[in-house]
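Okay, here's what each chain looks like letter by letter:
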Amino acid sequence: MTPVSFTMPMPPEPKVLHTPIPVPIFFNEGRTFSLKKRAPANGSSSTANALCQSLPPRPPSKGCAPVSRMFLNHEYSWSHPRPRGVSFRKSAEQNLSFSHYDESKKESYFQQCFQCICILGRGSFGEVYKVRSLEDGQLYAVKCSMERFRGVGDRQQKLQEVLKHERLPPHPNCVTFKKAWEEKGRLYIQTELCQGSLQQLLPSSEGEVWDILSDLLCALRHLHSHNMLHLDIKPANVFLSTSGRCKLGDFGLVLDLGDKKDGMEGDPRYMAPELLQGKFTPAADVFSLGMTILELACNIELPKGGDAWQQLRQGYLPPEITSGLSPMMLNILQMMLHPNPSKRATVFQLCSLPFIRRILWKRNLSLKLKESLRSMQAAIQWIMSLVCWSWFSLIPLPPRWKLKQPETPTRSESSSSYSDTQQDSLKDEVFHFPLPQLDVSPIILRSGCHSPALPSRLSLGSTSTPQHLYREIDHNHIERSEDCGPDMSWISGSSESTSPVRTPSCSSSSSPMGDDLNHRKQRRPGFEPKNLLSLFEEASMEE
Ligand SMILES: Nc1ncnc2c1ncn2[C@@H]1O[C@H](COP(=O)(O)OP(=O)(O)OP(=O)(O)O)[C@@H](O)[C@H]1O
Ligand SMILES: [Mg+2]
Ligand SMILES: [Mg+2]
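- By the naming in an unreviewed UniProt entry, the protein chain goes by Membrane-associated tyrosine- and threonine-specific cdc2-inhibitory kinase and is assigned to Erpetoichthys calabaricus.
- Regarding the protein chain, the UniProt comment filed under Subcellular location (unreviewed entry) reads as follows: "Golgi apparatus membrane".
- Within the UniProt record for the protein chain, the comment given under Sequence similarities (unreviewed entry) is "Belongs to the protein kinase superfamily. Ser/Thr protein kinase family. GCN2 subfamily."

Structure representation (structure tokens):
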């Protein structure tokens, strides 16, 4: 029987406009490499001989041992147990407050001065936690480096992120830096808290993509006008404010063009082609922004390599993925993804296009409106609570109307300040585990507000992340259910939470922390809240 041969159907040849980018040439397979250890020849003497011949000459003997060997237990300045502020602006100690830190305790500065609420995300540098500062009571994000500094160079490199944050003047479209410190060889960076990243959200219309593009163009214009390159623009590094403003974050790879240092390439999916040749220019950021917008507008997974990667870097945008885009969006994408960096539109050119100027103006106006509405809401809330408080405390109630206080209040009841109560529970409940946790199993973060994989101890007290919010897959993977899914109202502004800080998909009431704090306020044992109206009624009935 003759074997049946059939040909595989081949996909049509992709349209390639330019010559392909050279790919690394591999050695011929036939090429041989000499082995370090040669195969033993006949007889032991010849083996020894062969070994002798193959060994490299002994290094010249040194007069004395290197300093590092003489002081084996030497300590680097940064491995000192006391936390130290990291700043390139002023003296390192100045920007670190020690009001909540007790050196005699074994807990770290992070553990003592912050109430850890949940994990927000994890990157190559470290883990990011949602925290409340005990110093000012505000919510922040703290990024803790995963590994201890491996040496002087490694430390210098990690500290660059702080330097770039400090060098760049604040901008509404860049994540605001608060402070940084190091302790026991780890770097901690405290920034403003955002509502997750664009990686967790899918724009539902092209209008939303234009909003994202205009925010990021503003951020990039700010960076480039200060001679800085971001070099890691991607959805995971674009964060959202409570009012839906996009903010560029993660300054780990930021390159200051004035520094004359070499840049580092970021994620290959968003990387400009010329970075392969070491050409680090602002055009690389424009390309990465173009890729980010392409991913969001077309809802595609960008390739990490291969033919599709090459095609996208040759100016070829496959019509099957871009067919749904408006001609204007396609045009802008082609300008941003031009394979030649010198022909690629700069951020300044893009911002001066009449159409872009119009959307920038509209976006600016709508954000200003939204943000002023939010601050008005917050101010009204604050005034209302002040009025309520003064009404309760100023109007003297007859003695029998007064709420019965327990005779010997317990410790938790007697402490009225927020920070005191939080600190107690924090010490007992939250920071039992060493931070950062390196062996936490992989997590699926959908909204960036909770990490189901983190032990429930992370949430204060017994109210850990509500179990009903998550659908358990296995021991290591727990997925959030739909009721806490991504919320795109941040763009349209349809539903704005009245709480000062909210998570994108979980209203403050559904957040485990929100629940926890509410319970804390409402269920103080022996101090049951009473309805004022019912008190009046009770009193009038007695009379
Ligand atoms: N300020 C913030 N507010 C809310 N979430 C944040 C904040 N900063 C970081 N995150 C979350 O943590 C994740 C990791 O943060 P970040 O990108 O800064 O870390 P990284 O280790 O430098 O990451 P990469 O691997 O991209 O270098 C983000 O993708 C985001 O989900
Ligand atoms: Mg990142
Ligand atoms: Mg980073």
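## A word on the overall build of the protein chain
Okay, step 1: Secondary structure summary: the protein chain contains 16 helices and 12 strands in total.
Okay, step 2: In the protein chain, which comprises 543 residues, the share counted as buried stands at 44%.
Okay, step 3: When contacts within the protein chain are restricted to residue pairs at least 6 apart in sequence, long-range pairs at least 24 apart make up 66% of them.

## Regarding the coordination of the magnesium ion (ligand 2)
Okay, step 1: Protein-derived coordination of the magnesium ion (ligand 2) comes from Asn-237 (OD1) and Asp-250 (OD), at a distance range of 2.1 to 2.2 Å.
Okay, step 2: Separating the magnesium ion (ligand 2) and the magnesium ion (ligand 3) is a distance of 3.9 Å, and Asp-250 donates to both of them. Placement of Asn-237 in the loop between strand S7 (228-229) and strand S8 (238-240) and of Asp-250 in the loop between strand S9 (246-248) and strand S10 (255-256) is noted, with a sequence separation of 13 residues between them.
Okay, step 3: A relative accessible area of 5% means that Asn-237 is categorised as buried.
Okay, step 4: Judged by its relative accessible area of 23%, Asp-250 is partly exposed.

## So, the UniProt feature "binding site: ATP" (unreviewed entry) in the protein chain
Okay, step 1: With numbering aligned to this structure, UniProt lists the feature "binding site: ATP" (unreviewed entry) at Lys-143.
Okay, step 2: Positionally, Lys-143 belongs in strand S4 (residues 139-145).
Okay, step 3: Contact partners of Lys-143, with chain neighbours within four places excluded, come to Phe-125, Glu-127, Val-128, Glu-161, Leu-187, Tyr-188, Ile-189 and Asp-250.
Okay, step 4: For Lys-143, the side chain forms a polar contact with the side chain of Glu-161, separated by 2.9 Å.

## Things to note about the site of ligand 1
Okay, step 1: Around ligand 1, a shell composed of 21 residues is seen, among which Ser-124, Phe-125, Lys-143, Glu-192 and Cys-194 lie nearest.
Okay, step 2: A distance of 2.7 Å separates an oxygen atom of ligand 1 from a polar atom in the backbone of Ser-124.
Okay, step 3: Contact distances for ligand 1 include 3.0 Å between an oxygen atom and a side-chain N or O atom of Asp-250.
Okay, step 4: Protein contacts shield 90% of the accessible area of ligand 1, which totals 620 Å² for the unbound molecule.
Okay, step 5: Taken together, the elements giving at least two residues each to the shell around ligand 1 come down to strand S2 (114-122), strand S3 (126-133), S4 and strand S6 (186-192).
Okay, step 6: Looking at which element gives the most residues to the shell around ligand 1, the answer is S2, with 3 residues.
Okay, step 7: Across the shell around ligand 1, the residue classes break down as 8 nonpolar, 7 polar and 6 charged.

## Regarding the sheet that holds S3
Okay, step 1: What the 6 strands build is an open sheet, ordered S1-S5-S6-S4-S3-S2; its pairing is antiparallel. On the outer flanks of this sheet lie strand S1 (84-85) and S2, each paired with one strand and no other.
Okay, step 2: Note: strand S5 (residues 177-183) against S6, 6 bridges, orientation antiparallel. Within the sheet, the bridge partner assigned to Trp-181 lies in S6 and is Tyr-188.
Okay, step 3: Relative to the sheet, helix H4 (residues 152-167) contacts S1, S4, S5 and S6, its axis offset from that of S6 by approximately 20 degrees.

## Quick look at the packing of aromatic side chains
Okay, step 1: This structure, assessed with the given rule, holds 10 aromatic pairs.
Okay, step 2: On the numbers, 5.8 Å between centres and 40 degrees between planes, the contact of Phe-110 with Phe-114 is tilted. The same class applies to Phe-110 and to Phe-114, which are both buried.
Okay, step 3: Where Trp-210 meets Phe-355, the ring centres are 4.9 Å apart and the plane angle is 70 degrees; that geometry is what we call edge-to-face. Here the residue Trp-210 occupies a position in helix H5 (residues 206-225), and Phe-355 occupies one in helix H11 (residues 354-394), the gap between them amounting to 145 residues.
Okay, step 4: Judged by relative accessible area, which is 9%, Trp-210 ranks as buried.
Okay, step 5: The exposure class of Phe-355 is partly exposed, given its relative accessible area of 23%.
Okay, step 6: Ring pairing ties together the aromatic residues Phe-98, Tyr-101, Tyr-109, Phe-110, Phe-114, Tyr-129, Trp-181 and Tyr-188, which thus form one cluster.
Okay, step 7: Over the aromatic face of Phe-98 sits the side chain of Arg-82, whose NZ or CZ is 4.5 Å from the ring centroid.

## Comments concerning unusual backbone geometry
Okay, step 1: Notably, Lys-184 is not glycine yet its phi reads approximately 50 degrees, a positive angle.
Okay, step 2: Positionally, Lys-184 belongs in the loop between S5 and S6.

## A closer look at helix H9 (residues 327-336)
Okay, step 1: When H9 is considered as a whole, its buried residues turn out to be Met-329, Ile-332, Leu-333 and Met-336. One side of H9 carries all its buried residues, which in axial view fall inside an arc of 100 degrees.
Okay, step 2: Next to the buried residues of H9 lie H5, helix H6 (282-298), helix H10 (347-351) and H11.

## Re a nonpolar patch on the surface
Okay, step 1: On the surface, a cluster of nonpolar side chains totalling about 590 Å² of accessible area is made up of Trp-382, Ile-383, Leu-386, Val-387 and Trp-389.
Okay, step 2: With respect to the element layout, Trp-389 can be found in helix H11.

## Side note on the nonpolar core
Nonpolar side chains tend toward joint burial in soluble globular proteins.
Okay, step 1: Of all hydrophobic cores here, the largest spans 56 residues; its most connected members are Leu-213, Leu-217, Leu-289, Met-291, Ile-293, Leu-294 and Ile-356.
Okay, step 2: At the level of elements, H5, S7, S8, S9, H6, H9, H10 and H11 are the ones that each hand at least two residues to this core.
Okay, step 3: Looking at which element gives the most residues to this core, the answer is H5, with 10 residues.
Okay, step 4: Those residues in contact with Ile-356 that lie beyond four places of it in its chain are Trp-210, Leu-213, Leu-217, Ile-332, Leu-350 and Cys-351.

## Regarding the pairing of S4
Okay, step 1: Burial within S4 is extensive, with 7 of its 7 residues counted as buried.
Okay, step 2: With 7 bridges joining them, S3 and S4 adopt antiparallel strand pairing. Each residue of the ladder has a partner; that of Tyr-129, found in S4, is Val-142.
Okay, step 3: Between S3 and S4, which follow one another and run antiparallel, lie 5 residues, and Gly-137 among them has a positive phi close to 75 degrees.

So, how was this worked out
Residues numbered from 1 in each chain as written. Chains lettered and ligands numbered in written order. Predicted model: local features only at pLDDT ≥ 70, side-chain atom pairs only at ≥ 80, totals over all residues. Heavy atoms only, no water. UniProt positions renumbered as here; feature names shortened; annotations may be inferred. Helix = DSSP H or I, 4+ residues; strand = E, 2+ residues; numbered from the N terminus. Buried < 20%, exposed > 50% of the residue type's maximum accessible area, 1.4 Å probe, protein only. Contact = heavy atoms within 4.5 Å. Donors = N, O, S within 2.8 Å, 3.2 Å for Na, K, Ca; no water. Polar contact = N/O pair within 3.5 Å; in protein donor to acceptor, adjacent residues only side chain to side chain. Near = heavy atom within 4 Å. Areas by Shrake-Rupley, 256 points an atom, 1.4 Å probe, with all protein chains shown as cover. Nonpolar A, V, L, I, M, F, W, Y, C, P; charged D, E, K, R; others polar. Pairing = 2+ DSSP bridges. Axes fitted to C-alpha atoms, helices over the stretch in contact; angles between N-to-C directions. Phe/Tyr/Trp six-rings, centres within 6.5 Å; stacked < 30°, edge-to-face > 60°. Lys NZ or Arg CZ within 6 Å of the ring centre and 35° of its normal. Arc of directions from axis to C-beta. Patch = residues over 30% accessible without salt bridge, like charges linked within 9 Å, V, L, I, M, F, W, Y side chains within 5 Å. Salt bridge = Lys/Arg side-chain N within 4 Å of Asp/Glu carboxyl O. Core = buried A, V, L, I, M, F, W, Y, C linked by side-chain atoms within 4.5 Å.

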